[in-house]
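# Structural features, examined
So the chains spell out like this:
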Amino acid sequence: GQGGDGGSKAARMPPGPPAVPVLGHLHLVKKPMHVTMSRLAERYGPVFRRAVVVSSPECASECFTEHDVTFANRPRFDSQLLVTFNGAALVSSSYGAHWRNLRRIVAVHLLSAHRVSLMSGLIAGEVRAMVRRMYRAAAASPGGAAKIQLKRRLFELSLSVLMETIAQTKATRPETDPDTDMSVEAQEFKQILDEIIPHLSAANLWDYLPALRWFDVFGVKNKILAAVSRRDLRRLIDAERRRLDDGNESESEKKSMIAVLLTLQKTEPEIYTDNMITALCASMFTAGTEITSTTTEWAMSLLLNHPETLKKPQAEIDASVRSSRLIAADNVPRLAHLQCVVRETLRLCPAVPMLMPHLSSADCKVGGYNVPRGTMLLVNAYAVHRDPAAWEEPERFMPERFEGGGCDALLLMPFGMGRRRCPGETLALRTVALVLGTLIQCFDWERVGGAKVDMAAGGGLTMPKLVPLEAMCRPRDVMGGVFKSVRGVRWVRIQSISNSV
Ligand code: HEM
């Protein structure tokens, strides 16, 4: 931290705008939060008062290495409390025995690399169903290209992936047409999330800016919505319990997260209560759905605005599977160019631009400034990723900067760092890369009407695209064979549609 209020370094408090505390300024709402914070950081240096906002790579890594335990707590926000079951969920839980326990369960039993590879077939199945629907839409369109509402498709996909990994609502229903959209359960959850998410980002802003508390229009609604999602989660748990009792899937390694937790419940019922299972699943739905699909939406937007950068990953995919089949999850780690695109997207468009707020549990010093106990810490990953001192041409979309390990030494923190780092990273990266890879393997993409994709971002804790992404999708000729052969009969039907166009 440079600049400052003067005085001896030991006694220095972080600099901030004069008079009113930074986060009480109502006029800051006009811009997305991370942009506002970057501007303030330019003026006042990388750390400032009240809630401390850290914007430089050096200070960010200091917070999550030396002071990681000190900042491992979370501030409690009224609006979040309503949606995360009174702080019992992993995301908002205070640092302590309860959080440690939940975190261990998630890391070991639900989202470990091993479990994610067990889930890969499931993820791939959902992705295949989505591209099949897109193919059908394109085949039925005049000219062979369809306008796809990518935002909606990607959100539904992300929800379906989570729904199936959490509860396997489709696998247990032999009559379900794998080609149809989401399961009934996923559709019900979609309705709930559709209602909660806009309020969440607004409510988050309202948390940061005390003046907005006067306009408490969300409180009541959130309470109702939280109750609804709790009831629906109970239903999922009961259904899964019946399946286990019937002897289905109990031996299978590929069982759902709820089934894993219910199996643990049998031996340690006092730890794995239904309440705890409900809270954990709610955490995953709220933390995992929108963020994952938003990331893929940003990636597609960047690629559409830079069509030349699409060539390398597309050629790499074609070479690796020789157009004879769709890429599978286990191809992904070897698709280096695709990985570069994902990393560059996470650098430029970290879907959680200020990470989640932390709270200090002891006095400490960051960048030489005193940070008293009980200070809220926001780490501006968005600014860290665009730090001109670290990154060459930081504003440019240049996936190749990561080729051959270039930039490995630079701080990239879209999933955070330290104890509170996102536990869903492996699942998220696997999903984003597989979805993106399959989309560019199967289709050529074009902007609607040729105009550049609007890259404006919305505000709040997450960074959604302000204008929902739509794009034109045209099946690639080289993929004709695959589209025809996947799941025989169904594809014959599709083929006949495309012949008739
Ligand atoms: C591209 C997708 C994702 C991104 C960019 C992302 C990013 C983040 C970030 C920045 C945090 C906060 C770190 C901090 O506190 O400093 C976080 C926390 C968390 N994420 Fe993710 N996440 C993604 C996907 C997921 C998925 C798919 C899941 C679960 C299925 C998940 C579950 C969680 C949970 C439970 C926490 C809270 C951890 C804790 O407080 O101990 N995330 N994530």
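Just so you know, these numbers come straight off a predicted model, no measurement behind them.

Before going further, it helps to spend a moment on the overall build of the protein chain. The helix and strand tally for the protein chain stands at 16 helices and eight strands. The proportion of buried residues among the 501 residues of the protein chain is 46%. When contacts within the protein chain are restricted to residue pairs at least 6 apart in sequence, those whose partners lie at least 24 apart make up 75%.

It is worth spelling out the nonpolar core at this point. Ranked by internal contacts, the top residues of the largest apolar core, which has 117 residues, are Ile258 and Leu436. In terms of residues, this core owes the most to one element, helix α10 (residues 274–305), which gives 14 residues. Contacts of leucine 436, omitting those with residues within four sequence positions, involve Thr296, Ala299, Leu338, Val341 and Val342.

We now examine the sheet that holds strand β3 (residues 358–359). Taken in spatial order, the three strands line up as β1-β6-β3 in an open sheet, and their pairing is mixed. Of all strands in the sheet, those bounded by a partner on one side alone are β1 (51–54) and β3. Of the pairings in the sheet, the one linking β1 to strand β6 (residues 376–379) comprises four bridges and is parallel in character. Opposite valine 53, over in β6, you have leucine 378 as the bridge partner.

Before going further, it helps to spend a moment on the site of the ligand. Taken together, 25 residues are adjacent to the ligand, and Gly288, Gly416, Cys422, Gly424 and Ala428 come closest. Of the residues forming the shell around the ligand, the biggest block, seven residues, is contributed by α10. Grouping the constituent residues of the shell around the ligand by class yields 16 nonpolar, six polar and three charged.

Of note, the phi angle at leucine 355 is positive, near 50°, even though the residue is not glycine. With respect to the helices, strands and loops of the structure, leucine 355 is situated in the loop between α12 (336–348) and β3. Its identity as a non-glycine residue notwithstanding, cysteine 407 has a phi of 75°, on the positive side. Considering the arrangement of structural elements, one finds cysteine 407 in the loop between α13 (381–384) and α14 (425–442).

This part takes up the confidence of the model for the protein chain. The share of residues in the protein chain with pLDDT of 70 or more is 71%, and the mean pLDDT across the chain is 78. Least confident of the elements in the protein chain is helix α16 (residues 488–500), whose mean pLDDT is 34; most confident is α12, at 97. Predicted confidence for residues 44–49 stays below pLDDT 50, and this span has 35 contacts to residues more than four positions away or in other chains. With pLDDT under 50 throughout, residues 172–179 is counted as low confidence; its partners more than four residues away or in other chains account for seven contacts. Reported confidences for the modelled complex are a pTM of 0.84 and an ipTM of 0.99.

Right, let's get into the environment of methionine 119. Here methionine 119 is to be found in helix α5 (residues 113–139). For the pair methionine 119 and methionine 130, spaced 11 residues apart in the sequence, the C-alpha separation amounts to 17 Å.

Right, let's talk about helix α4 (residues 97–110) for a bit. With 14 residues, α4 should reach 20 Å at 1.5 Å per residue; the first-to-last C-alpha distance of 19 Å fits that figure. Of all the positions in α4, only Trp99, Leu102, Ile105 and Leu110 are classed as buried. The buried side chains of α4 occupy one side of the element, clustering within an arc of 130° when seen end-on. Away from its buried face by more than 90 degrees, α4 exposes Ala97, Arg104, Ala107 and Val108. Against α5, α9 (257–267) and α10 lie the buried residues of α4.

Turning our eyes to something else, we now look at α12. Here α12 is 13 residues long and its end C-alpha atoms lie 18 Å apart, about the 18 Å a rise of 1.5 Å per residue gives. A large share of α12 lies buried, amounting to 11 of its 13 residues. Those residues of α12 that are buried lie in contact with α10, α11 (311–321) and α14.

All right, on to the UniProt feature "binding site: heme" (unreviewed entry) in the protein chain then. Following the UniProt record, the feature "binding site: heme" (unreviewed entry) maps to Cys422 here. With respect to the helices, strands and loops of the structure, cysteine 422 is situated in the loop between α13 and α14. Among residues more than four places away in sequence, those in contact with cysteine 422 are Phe415 and Gly416.

A few words on the sheet that holds strand β7 (residues 443–447). Spatial strand order, β2-β8-β7: three strands in an open sheet with antiparallel pairing. What marks the edges here is a single partner per strand, and that holds for β2 (146–149) and β7. Strand-to-strand twist in this sheet, taken as the mean axis angle between neighbours without regard to direction, amounts to 40°. As defined by bridge partners, β7 adjoins strand β8 (residues 470–475) across five bridges and the pair is classed as antiparallel. Counterpart to aspartate 444 in the pairing with β8 is arginine 474. In this fold helix α6 (residues 150–167) packs onto β2 and β8, with an angle of close to 55° to the strand it touches most, β2.

Angle between the axes and distance between the axes: these two values describe a pair of packed helices. The N-to-C vectors of α11 and α14 enclose an angle of 85°; their axes lie 9 Å apart at closest approach. As the angle between them shows, α11 and α14 are arranged roughly perpendicular. Contact residues: Pro313, Gln314 and Ile317 in α11; Gly437, Ile440 and Gln441 in α14. Here the contact of α11 with α14 is built from residues that sort into three nonpolar, three polar and no charged.

Okay, the packing of α10 against α14 next. Following both chains from N to C, one finds α10 and α14 inclined at 40°, their axes separated by 10 Å at the closest point. Considering the relative orientation of α10 and α14, their crossing is right-handed. Note on element contacts: α14 touches α10 through Ala428, Thr431, Val432, Val435, Leu436 and Leu439, opposite Thr292, Thr295, Thr296, Ala299 and Met300.

Thresholds, definitions, all that
- Residues numbered from 1 in each chain as written.
- Predicted model: local features only at pLDDT ≥ 70, side-chain atom pairs only at ≥ 80, totals over all residues.
- Helix = DSSP H or I, 4+ residues; strand = E, 2+ residues; numbered from the N terminus.
- Buried ≥ 20, exposed ≤ 12 C-beta atoms within 10 Å, placed from the backbone.
- Contact = placed C-beta atoms within 7 Å.
- Core = buried A, V, L, I, M, F, W, Y, C linked by C-beta atoms within 7 Å.
- Pairing = 2+ DSSP bridges.
- Near = placed C-beta within 6 Å.
- Nonpolar A, V, L, I, M, F, W, Y, C, P; charged D, E, K, R; others polar.
- pLDDT = per-residue confidence, 0-100.
- Expected span 1.5 Å × (residues − 1).
- Arc of directions from axis to C-beta.
- UniProt positions renumbered as here; feature names shortened; annotations may be inferred.
- Axes fitted to C-alpha atoms, helices over the stretch in contact; angles between N-to-C directions.
- Parallel < 35°, antiparallel > 145°, perpendicular 65-115°, else oblique.
- Left-handed = near helix turned anticlockwise from the far one by under 90°.

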